[in-house]
Amino acid sequence: MTALLEVEDLRVAYGKIEAVKGISFKVDAGQVVTLIGTNGAGKTTTLRTLSGLLKPSGGSIRFEGKDLSKVPAHKVVSLGLAHSPEGRHIFPRMSIEDNLRLGAYLRDDKAGIAKDIQRAYDLFPILGERRRQAAGTLSGGEQQMLAMGRALMSQPKLLMLDEPSMGLSPIMMQKIMATITELKSQGTTILLVEQNAQAALSLADQGYVMEVGKITLTGSGQDLLHDESVRKAYLGED
Ligand code: ATP
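Residues numbered from 1 in each chain as written. Predicted model: local features only at pLDDT ≥ 70, side-chain atom pairs only at ≥ 80, totals over all residues. Heavy atoms only, no water.

- The name given to the chain in an unreviewed UniProt entry is ABC transporter ATP-binding protein, and the organism recorded there is Streptomyces fragilis.

### A short note on the sheet that holds strand β7 (residues 158–162)
Argument step 1. Spatially, β6-β7-β8-β3-β9-β10 is the arrangement adopted by the six strands of the open sheet, whose pairing is mixed. Strand pairing shows two members of the sheet lacking a second neighbour, β6 (81–84) and β10 (214–220), which therefore form its edges. Sheet twist, expressed as the mean angle between neighbouring strand axes with direction ignored, is 15°.
Argument step 2. Against the sheet, helix α7 (residues 170–185) engages β3 (32–36), β7 and β8 (189–194), with an angle of about 155° to β8. (Pairing = 2+ DSSP bridges. Helix = DSSP H or I, 4+ residues; strand = E, 2+ residues; numbered from the N terminus. Axes fitted to C-alpha atoms, helices over the stretch in contact; angles between N-to-C directions. Contact = heavy atoms within 4.5 Å.)

### Notes on the packing of aromatic side chains
For any pair of aromatic rings, geometry is given as the distance between the ring centres together with the angle between the planes.
Argument step 1. Applying the stated criterion across every chain yields a total of one aromatic pair.
Argument step 2. Aromatic side chains phenylalanine 25 and tyrosine 208 sit 5.7 Å apart centroid to centroid with 55° between the ring planes, which places their arrangement in the tilted category. Of the two residues, phenylalanine 25 sits in strand β2 (residues 17–27) while tyrosine 208 sits in strand β9 (residues 206–211), which places them 183 residues apart along the sequence. Comparing phenylalanine 25 with tyrosine 208, the two get one shared label, buried. (Phe/Tyr/Trp six-rings, centres within 6.5 Å; stacked < 30°, edge-to-face > 60°. Buried < 20%, exposed > 50% of the residue type's maximum accessible area, 1.4 Å probe, protein only.)

### As for empty space enclosed by the protein
Argument step 1. Using the criterion set out here, one finds one cavity of 30 Å³ or more in the structure.
Argument step 2. By volume, the largest cavity amounts to about 30 Å³.
Argument step 3. Looking at the largest cavity, the residues that line it are Asp116, Arg119, Ala120, Leu123 and Leu152.
Argument step 4. At four residues, the largest contribution of residues to the lining of the largest cavity is made by helix α4 (residues 110–123).
Argument step 5. By residue class, the composition of the lining of the largest cavity is three nonpolar, no polar and two charged. (1 Å grid on protein atoms, 1.4 Å probe; cavity = no way out; pocket = protein on both sides within 12 Å on 5 of 7 lines; lining within 4 Å. Points joined across faces, edges and corners; volume = space filled by probe spheres on them. Nonpolar A, V, L, I, M, F, W, Y, C, P; charged D, E, K, R; others polar.)

### Regarding the side chain of serine 51
Argument step 1. If you trace the backbone, serine 51 turns up in the loop between α1 (43–50) and β4 (58–63).
Argument step 2. Residues contacting serine 51, with those up to four places away along its chain left out, are Ala73, Val76, His83 and Met160.

Have a look at this one:
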């Protein structure tokens, strides 16, 4: 079976500084795959490159067998990749519903869009209750929900989430993680970047540990969760 996403020996540099130093990983359809690692490991750089926002300096990115490395960002969405970025980037003055509509900007099927807005409200009822309210009035966790809802509005084949748990209370984080599990059960394929290794590995089929631009360890979510070196480095155990 061909992987939905296949990254091989990917390199990305900021000027002379190489932030991603030849990483390889894959995501099969229907899977949740997580990239974990500390600050500065290169996780965000990797997602931004998959989205076409940064150009690779080497290696290949294949999505459904197509080479993505030269596809510009606005085309990447139309191929079926959606990115919920770190720091959310919602539009604070626009209403919640208009933020969701923006995620569907490439679509013109009105009925389908309305159905998917309803689906976002079913996933996150608070967004429905406040649909006319300015998005900037939402709490951090609620803004995270909106960013995820908006990314889903493009009906992606692959949903990329950059640190959805960042800055959230434990309860809000659990809610976001439960939603990821629900999306997976609905068949959504997800690439999840997280610093919260415990949460991410608990729900991932496959995990990759990234350290200073390289993948140092790979395995199933459960195997990595029980791996001694992962527990020491990322789960705060002695
Ligand atoms: P974080 O969780 O903090 O976002 P990360 O694993 O996502 O960490 P990246 O943000 O991808 O890591 O950063 C990888 C490396 O690239 C870091 O050393 C960072 O300082 C560097 N870097 C990131 N963005 C830039 C930039 N615009 N210009 C120069 N260097 C950058």
